[in-house]
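Working through the structure, step by step
Spelled out from the first residue to the last, the chains are:
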Amino acid sequence: MDDAPVTIGPVDLAARVDDALAVQALAFGLSEDEIVVRRHIVLRHLLDPGARAYGATTPDGRLVGFVYGMPNDRTHWWSSVVEPYLRATGTVEWLDDSFVITELHVHPAHQGRGVGRTLITTITDQAEQPRSILSAIDTESPARALYRALGYTDLARRVHFPSAPRPYAVMGAPLPLLRKGAGRN
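Described in the following lines is the structure provided in the data block. The residue count restarts for each chain, going from 1 along the sequence in the order it is written. Two thresholds apply to this predicted model, a pLDDT of at least 70 for residue-level local features and 80 or more for giving and counting side-chain atom pairs, whereas whole-chain, interface and lining totals are computed over all residues. Each side-chain value is worked out from all heavy atoms of the structure, with water and hydrogens disregarded.

All right, on to the overall build of the protein then. When its secondary structure is counted, the protein shows five helices and seven strands. What counts as a helix is a DSSP run of H or I of at least four residues, what counts as a strand is a run of E of at least two, and both are numbered from the N terminus. N-terminal to C-terminal, the α/β element order of the protein is β-α-α-β-β-α-β-α-β-α-β-β. Throughout, the radius of gyration refers to the C-alpha atoms, and the reference size of a globule is 2.2 Å times the residue count to the power 0.38. For 185 residues, the compact-globule formula gives about 16 Å, and the C-alpha radius of gyration of the protein, at 16 Å, lands near that figure. Counting only C-alpha atoms, the protein reaches 45 × 40 × 30 Å along its principal axes. Within the protein, residue pairs in contact and separated by at least 24 positions form 67% of the contacts whose partners lie at least 6 positions apart. Per-residue and other accessible areas were derived by the Shrake-Rupley procedure at a 1.4 Å probe size, with only the shown protein chains allowed to occlude residues. Within the structure as shown, the protein displays about 9,300 Å² of accessible surface, and the carbon and sulfur contribution to it stands at 54%. Taken together, the 19 basic and 21 acidic charged side chains of the protein have centroids lying 6 Å from each other. Contacts are assigned to residue pairs with any non-hydrogen atoms lying within 4.5 Å of each other. Neither His nor the chain ends contribute to the count of charged residues, in which Lys and Arg are positive and Asp and Glu negative. All charge positions are set by atom: Lys at NZ, Arg at CZ, Asp at CG, Glu at CD.

Okay, the sheet that holds strand 2 (residues 52-57) next. In spatial order, the strands read 1-2-3-4-5-7-6; together these seven strands make up an open sheet with mixed pairing. In this open sheet, the two edge strands, each paired with only one partner strand, are strand 1 (7-10) and strand 6 (153-159). Averaged over all pairs of adjacent strands, the angle between strand axes in this sheet comes to 20°, irrespective of strand direction. A pair of strands counts as paired when DSSP detects no fewer than two bridges linking them. Relative to strand 5 (residues 131-137), strand 4 (residues 98-106) is paired through three bridges, and the arrangement is parallel. Residue pairing in the sheet places Phe99 in a bridge with Ser132 of strand 5. Axis definition: a line fitted to C-alpha atoms, limited for helices to the stretch in contact. Angles are taken between N-to-C directions and run from 0 to 180 degrees.

With that out of the way, let us pick up the pattern of salt bridges. Two side chains of opposite charge can pair, provided their charged atoms sit close to one another. For salt bridges, the criterion is a side-chain nitrogen of Lys or Arg within 4 Å of an Asp or Glu carboxyl oxygen. Inspection of the entire model under this criterion finds 13 salt bridges. Of the charged contacts, one joins Arg38 and Glu103 as a salt bridge, the two residues approaching to 3.4 Å between their closest N and O atoms. Here Glu103 lies in strand 4 and Arg38 lies in helix 2 (residues 32-45), a separation of 65 residues in the sequence. With relative accessibility at 17%, the residue Glu103 sits in the buried group. Arg144 serves as the salt-bridge partner of Asp138, at 3.6 Å between the closest nitrogen and oxygen. Residues Asp138 and Arg144 agree in their burial class; the two are buried. Each residue's exposure class comes from its accessible area (1.4 Å probe, protein chains only) as a fraction of the maximum for that residue type: buried when under 20%, exposed when over 50%, partly exposed otherwise.

On to unusual backbone geometry, then. Residue Pro176 is bonded to the preceding Leu175 through a cis peptide linkage, with omega at 0°. The residue Pro176 is located in the segment after strand 7 (168-174) in this model. Of note, the phi angle at Asp97 is positive, near 55°, even though the residue is not glycine.

With that settled, consider the pairing of strand 7. Remark: a regular strand shows side chains that alternate across the two faces of the sheet. Judged by how many residues are buried, strand 7 sits mostly within the fold: six of seven residues are covered. Taken together, the seven bridges between strand 5 and strand 7 define a ladder with antiparallel strand orientation. Bridge pairing in strand 7 links Ile137 to Tyr168. Across four bridges, the pairing between strand 6 and strand 7 is antiparallel. Bridging from a neighbouring strand, Ala156 pairs with Val170 of strand 7.

So, to be careful, I would describe these as geometric facts and stop short of saying anything about function.
If you want it as structure tokens, here you go:
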């Protein structure tokens, strides 16, 4: 395990896209071809006027985690894919007035140390929307456990994205996200 401390703060993700995708490739198991495709997607997302990104960096400047997101827009590809699933579960209103977490990844050597939790709470604390939505692979995983601990609940499951080999779950949470030991009243 890498014991280097990390600092969480705003990051120019467009300038560090290759560093971020290297982290995502390790954390998510991406092939070189998938990295090339995702690079263009990330750079396009960052052009959205509401997009923002935070990174986790070591003292020597290595990026070991990142999150980015933006206010949800029903005209975006992601929304158009998940809308019928949310409509079927009666939760389609979550697409309105929500901040979507587009990507959140932490280098495996830094996982389990609160880096992902700090990244997602930091970015959502800056959101003007009253809730947050995201999608995650629809399997029990440390990521899904983290999202549940933060207050996210399943809005739709077995969501199929074109070209994704595994189904996803769409999850939503009111903002601000829960903190450790806190519950909703």
